[in-house]
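Below, each chain spelled out in residue letters.
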Amino acid sequence: MRYLTLFYVSQQHRPYPICAVPITFHFFKYNGYQREIDPPRDLSTVYISRITYVSTEALRVHPSSNRTADLRDQIATLLSDSILVTEEDQSTIIEKVFQVLAPDPELCIFVDVAEVTLQIADDIDAVITTESLRTYIPKLIPATKSSIEGLEKVGLDSLEIKSSIELTPSCVICMEDLDYSAEEGEGVVDPDHKRHGILITRMPCLHYYHEDCIVRWLEINHWCPICRYPMPTENPNPSLNKRARLH
């Protein structure tokens, strides 16, 4: 395992006049890989697999204060309390801040600091492939219980479902016929639209499934198996529910 610190210091014009110059620190943690034969600080040989935001902290430097002493102590304390930064790296970061501050002390300063943890790997290409596969593994998100319970039940004797069955005669989940009477002869549809205990359910996208099949499906995955129409979810990503409402 190898550890190092990355940082970047920049200045920007203030959006409005203030009595103290702000110095804003953004702290991150990086995790990655590097080969044993590569120099520890050769960033061209480093593969970063994960970036984690830690915190944002700010200092305000007053023009009348003793910048040299006070500011060094404040930055050192901030670096020590936020992430793992060696004393040597602390000194380097502090010197860089003063170098940027010196030409124009009236500009805001931004400092990005990353604590980097590197695992040693002989085959970086294999690591990249594995990490990429992990990144793109689909996460199955169930539909909400209320949206499942609200799906419409359709009678097998309706003209609408008869037309649909001509185009898609099977439930694509279980791959069995939607209308079992096609094999067993015409039956009588009861008031609850049941035939041999089978209910036909219509999704908002107008695709039909056996009720028990689509309920089990939506309890695991909120997408329509045919067209990927998104049912409402409890997922914190609002775009999923927004798409469901727009259809």
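Caption draft 1: View of the nonpolar core. Among the nonpolar cores identified, the biggest contains 21 residues, and Ile23, Phe25, Leu71, Ile75, Val97, Val111 and Val113 are the most heavily contacted of them. Broken down by secondary-structure element, the contributors of at least two residues to this core are β2 (21-34), β3 (47-61), α1 (67-82), α2 (87-101) and β4 (108-120). Broken down by element, the residue count for this core peaks at 6 residues, all from α2. Excluding residues within four positions of it along the chain, Val113 makes contact with Thr5, Leu6, Phe7, Phe25, His26, Phe27, Phe28, Leu79, Ile83, Val85 and Ile93.

Caption draft 2: Inspection of unusual backbone geometry at higher detail. Phi angles above zero are rare outside glycine, and Met175 is one such case at about 65°. Inspection of the secondary structure assignment puts Met175 in the loop between α5 (159-167) and α6 (181-184). Positive phi values are uncommon outside glycine, yet Arg228 reaches one of about 65°. Within the secondary structure layout, Arg228 lies in the loop between α7 (211-218) and α8 (238-246).

Caption draft 3: Layout of the state of the cysteines. Per the stated rule, a full pass over the model turns up 0 disulfides. There is no disulfide at Cys171, and the cysteine sulfur nearest it, in Cys174, is 3.9 Å away. Between Cys205, a cysteine without a disulfide, and Cys224, which holds the nearest cysteine sulfur, the sulfur-to-sulfur distance is 3.6 Å.

Caption draft 4: Seen up close, the sheet that holds β4. One open sheet holds the 4 strands; their spatial order is β1-β4-β2-β3, and the pairing between them is mixed. Two strands in the sheet have a free side with no partner beyond their single neighbour: β1 (2-12) and β3. Averaged over all pairs of adjacent strands, the angle between their axes in this sheet comes to 15°, without regard to strand direction. Note: β1 against β4, 11 bridges, orientation antiparallel. Each bridged residue has a counterpart across the sheet, and for Tyr8 the counterpart in β4 is Asp112.

Caption draft 5: Molecular detail of the packing of aromatic side chains. Evaluated as defined, the whole model comprises 3 aromatic pairs. Between Phe28 and Tyr53 the ring centres are 5.9 Å apart and the planes differ by 70°, which places this aromatic pair in the edge-to-face class. Residue Phe28 is found in strand β2, and its partner Tyr53 is found in strand β3; the two are separated by 25 residues along the sequence. Overall, the relative accessible area of 21% leaves Phe28 in the partly exposed class. Between Tyr33 and Tyr47, the aromatic rings sit 6.4 Å apart at their centres with planes inclined by 20°, giving stacked as the arrangement.

Caption draft 6: Up close: the environment of His207. Along the chain, His207 falls in the loop between β6 (200-202) and β7 (208-210). A sequence separation of 22 residues divides His207 from Tyr229, and the C-alpha atoms of the two residues are 9.8 Å apart. Aside from chain neighbours lying at most four places away, what touches His207 is Thr201, Arg202, Cys224, Ile226 and Cys227.

Caption draft 7: How the structure looks around α7. Burial in α7 covers these residues: Cys213, Ile214 and Leu218. Viewed along the axis of α7, the buried residues span an arc of 120°, placing them on a single side of the element. Looking at the buried side of α7, the elements it contacts are α4 (145-149), β6 and β7.

Conventions used here
Residues numbered from 1 in each chain as written. Predicted model: local features only at pLDDT ≥ 70, side-chain atom pairs only at ≥ 80, totals over all residues. Heavy atoms only, no water. Core = buried A, V, L, I, M, F, W, Y, C linked by side-chain atoms within 4.5 Å. Buried < 20%, exposed > 50% of the residue type's maximum accessible area, 1.4 Å probe, protein only. Helix = DSSP H or I, 4+ residues; strand = E, 2+ residues; numbered from the N terminus. Contact = heavy atoms within 4.5 Å. Disulfide = S-S within 2.5 Å. Pairing = 2+ DSSP bridges. Axes fitted to C-alpha atoms, helices over the stretch in contact; angles between N-to-C directions. Phe/Tyr/Trp six-rings, centres within 6.5 Å; stacked < 30°, edge-to-face > 60°. Arc of directions from axis to C-beta.

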